[in-house]
Amino acid sequence: MSVPKDYRYTETHEWVRVEEDNVVAVGITDYAQEKLGDIVSVELPRVGDEVERGEAIGMIDSQKASSEVIAPVSGVVLEVNDLLNDDPSVINSDPYEEGWIARIEIEDMEQVDDLLGSDDYEELVGRLEEEE
Amino acid sequence: MDGAEPKKTALYGAHVRAGGRMVPFAGYWMPVQFEGINAEHLRVRSAVGLFDVSHMGEVVFRGPRAQDVVQRLLTNDVASPPSGKAIYSPACRPSGGIVDDLIAYKVAPDHFFLCVNAANRDKDVRWFVEQARGECEVSDRSDDYAQIAVQGPKAPDLLARVFGDGVKGMKPFTFTFLTHRSHEVLLATTGYTGERGGEVYLPNDAAESLWAELLERGQDLGVAPIGLGARDTLRLEMKYCLYGHDIDETTTPLEAGIGWTVKLDKGDFLGRDALLRQRESGLTRSLVAFVMEEKGVPRQGYRILVNDQVVGAVTSGAFSPSLGVPVGLGYVAKPHDAVGSVIGVDLKGLRTARARVVEPPLLRRSK
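Just so you know, these numbers come straight off a predicted model, no measurement behind them.

Trainee: Help me out: how do you make sense of the overall build of chain A in this one?
Mentor: A count of helices and strands for chain A gives five helices and nine strands. Walking chain A from its N terminus toward its C terminus, one meets helices and strands in the order β-β-β-α-β-β-β-β-β-α-α-β-α-α. In terms of C-alpha radius of gyration, chain A reaches 14 Å, essentially the compact-globule figure of 14 Å for 132 residues. If you line up chain A on its principal axes, its C-alpha atoms span 40 × 35 × 20 Å. Classification of the 132 residues of chain A by burial places 54% in the buried group. Expressed as a percentage of contacts within chain A between residues at least 6 apart in sequence, the contacts between residues at least 24 apart total 62%.

Set out below in structure tokens:
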């Protein structure tokens, strides 16, 4: 289970990577893709959408389940990963790089500080796996 | 079953060692996947896979009147087929609603072996005993048997290697008893995938060695264990009904499109009057197979719409690994259930995605 150190995380298993000032990339974690299994379809947000932290901005369908992607931050969608329309399984094979979902422009970077650090997220996942 | 710790099949240890992801299912710890649902699915379509289906229930009917009792319980005809035949059939309530769908193995007119859905086992046994009215012995033997399904185009080769070349000549939906390593096993040419192969019923303590032997002797054929996830997508492509999803006590075999299992002229049976009436008055809805023409995976419970009106609901859905598109089953009101009809699947309010009703099975198999 991989949890990159320089990423931030949510309790709903999204990740956030700061790309440049006021721009972050968003995706789902290795734990999330592993739990979902084979991802077969991804519903992406639209470029220009204003998104609110905590609301659904997309949907990921695996063979087993449909799962919402929750916006980890509030902002405007700058870009979406169109590659996922053709090959959604990229999220399975490379959740943190090629499998990114959207890039979001945010007003204040402080939102990012509210997210979980890698240690906290790792602990969360450890707890969840123990419960199983 | 609720709240109780799930039981383990005789192959539990083997699944865990093979990296199976174990989930509680119908009161058992069962592997939902090993290498991944899509890969496992395609392996069964192209080579051969092994399924642990030991959670399934086995109920034995014995006695001089066993055939009469089974004939009364099932909608299909078990009297005409010879001993050695496997017969797929629903069992219905007097209302025509489906108690369960099952395979009846006719050992002899005084001896039937029924394989029932795990989740229905207790309910079935109660119903069977009640309806048998003491005319024959009905015994729940589920805890005594393990069951291994061997499915795929290479399955006949693998079964022949393990059980002898004689099994290659077996016709579909027949069975035989064999002695294998001093254990008596029932080998049937049945399955739930649309592929060739069979299902082996055997004592629990013989399961692990047979499982290992099948894996070893089928290595060059590409054999691997397959989880319940791929079992579901495989049966879905064939439009085989899954109890609790596509059929239940509120649906009839006629509505579900398995009217060929209802033999109204075989004499009286449970549900006959209701089914006869339904056949005469005509159906108001039917279970259809559909292919998505827009993005989105249909799931059980999603509404089916035509012109913004609800005309039905999805009962099963998945991305078809063979076809490369999402597919589903669902009940649709007439006349929208006709092959070629365009329907909408309400993706939980996200949007409505277009789908088309198609002739089953979803996956056309070449012989």
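Having put the structure on the table, let's press on.
Trainee: Explanation requested: the packing of aromatic side chains in the structure shown.
Mentor: Given two aromatic rings, one states the distance between the centres and the angle between the planes to describe the pair. Under the defined criterion, the tally for this structure stands at 13 aromatic pairs over all chains. Residues Y7(A) and W15(A) carry aromatic rings whose centres are separated by 5.0 Å and whose planes lie at 65° to one another, so their mutual orientation is edge-to-face. Look at Y7(A) and you get buried, because its relative accessible area is 3%. Relative to Y240(B), the ring of Y192(B) has its centre 6.0 Å away and its plane inclined at 15°; by these criteria the two rings are stacked. Placement of Y192(B) in the loop between strand 12 (183-188) and strand 13 (197-203) and of Y240(B) in the loop between helix 7 (228-237) and helix 8 (272-281) is noted, with a sequence separation of 48 residues between them. The class of Y192(B) is buried, set by a relative accessible area of 17%. Through pairs of rings, three or more aromatic residues link up here, namely Y105(B), F113(B), Y145(B), F175(B), F177(B) and Y201(B). The ring of Y12(B) carries the charged tip of K8(B) above its face, separated from the ring centre by 4.7 Å. Seen from the ring of W127(B), R93(B) lies directly overhead, with NZ or CZ sitting 4.4 Å from the centre.

Trainee: Can you help me understand the domain arrangement of chain B in this one?
Mentor: It is common to report an interface's size as the accessible area lost on association of the parts. Residue and element names in this part refer to chain B. When its domains are assigned, chain B resolves into domain 1 (7-54 + 143-237) and domain 2 (284-358). The tally of links between domain 1 and domain 2 comes to zero salt bridges. Our count for the domain 1 to domain 2 interface comes out at four residue pairs in polar contact (both at pLDDT 80 or more). The set of elements that each furnish at least two residues to the side of domain 1 that touches domain 2 consists of helix 2 (37-46) and helix 7.

Trainee: Explain the side chain of T174(B) to me, please; I cannot follow it from the model alone.
Mentor: Residue and element names in this part refer to chain B. Positionally, T174 belongs in the loop between helix 5 (155-163) and strand 11 (175-180). Its relative accessible area of 16% is what places T174 among the buried residues. In this structure T174 touches G84, K85, A86, L187, A188 and T189, once residues within four positions along its chain are discounted.

Trainee: Hey, could you run me through the interface of chain B and chain A in this one?
Mentor: Facing 18 residues of chain B, the contacting portion of chain A comprises 16 residues. Counting the surface chain B buries against chain A, the share from its top three residues, R21(B), K295(B) and R299(B), is 40%. Where chain B meets chain A, there are three salt bridges. The partner of E34(A) in a salt bridge is R21(B), and the shortest N-O contact between them spans 2.9 Å. Inspection of the chain B/chain A interface yields 14 residue pairs in polar contact (both at pLDDT 80 or more). Put simply, the parts of the chain that give the side of chain B that touches chain A at least two residues each are strand 3 (28-33), helix 2 and strand 17 (309-320) of chain B. Of all the elements, helix 2 of chain B adds the most residues to the side of chain B that touches chain A, at three residues. Class assignment of the residues belonging to the side of chain B that touches chain A gives a composition of nine nonpolar, five polar and four charged.

Trainee: Got a minute to help me understand the nonpolar core in this structure?
Mentor: In globular proteins that are soluble, nonpolar side chains generally tend to be buried together. Residue and element names in this part refer to chain B. Residues F51, Y105, F113, L186, Y201, I247 and L275 are the most contacted members of the largest nonpolar core, which totals 41 residues. Residues from two domains meet in this core; each of domain 1 (7-54 + 143-237) and domain 2 (284-358) gives at least three. The residues touching L275, leaving out its near neighbours within four places in the chain, are T75, C92, G96, T252, P253, L254, V262, L264 and F269.

So, how was this worked out
Residues numbered from 1 in each chain as written. Chains lettered and ligands numbered in written order. Predicted model: local features only at pLDDT ≥ 70, side-chain atom pairs only at ≥ 80, totals over all residues. Heavy atoms only, no water. Helix = DSSP H or I, 4+ residues; strand = E, 2+ residues; numbered from the N terminus. Rg over C-alpha atoms; globule rule 2.2 N^0.38 Å. Buried < 20%, exposed > 50% of the residue type's maximum accessible area, 1.4 Å probe, protein only. Contact = heavy atoms within 4.5 Å. Phe/Tyr/Trp six-rings, centres within 6.5 Å; stacked < 30°, edge-to-face > 60°. Lys NZ or Arg CZ within 6 Å of the ring centre and 35° of its normal. Domains from an automatic or database assignment. Salt bridge = Lys/Arg side-chain N within 4 Å of Asp/Glu carboxyl O. Polar contact = N/O pair within 3.5 Å; in protein donor to acceptor, adjacent residues only side chain to side chain. Buried area = accessible area lost by both parts, 1.4 Å probe. Nonpolar A, V, L, I, M, F, W, Y, C, P; charged D, E, K, R; others polar. Core = buried A, V, L, I, M, F, W, Y, C linked by side-chain atoms within 4.5 Å.

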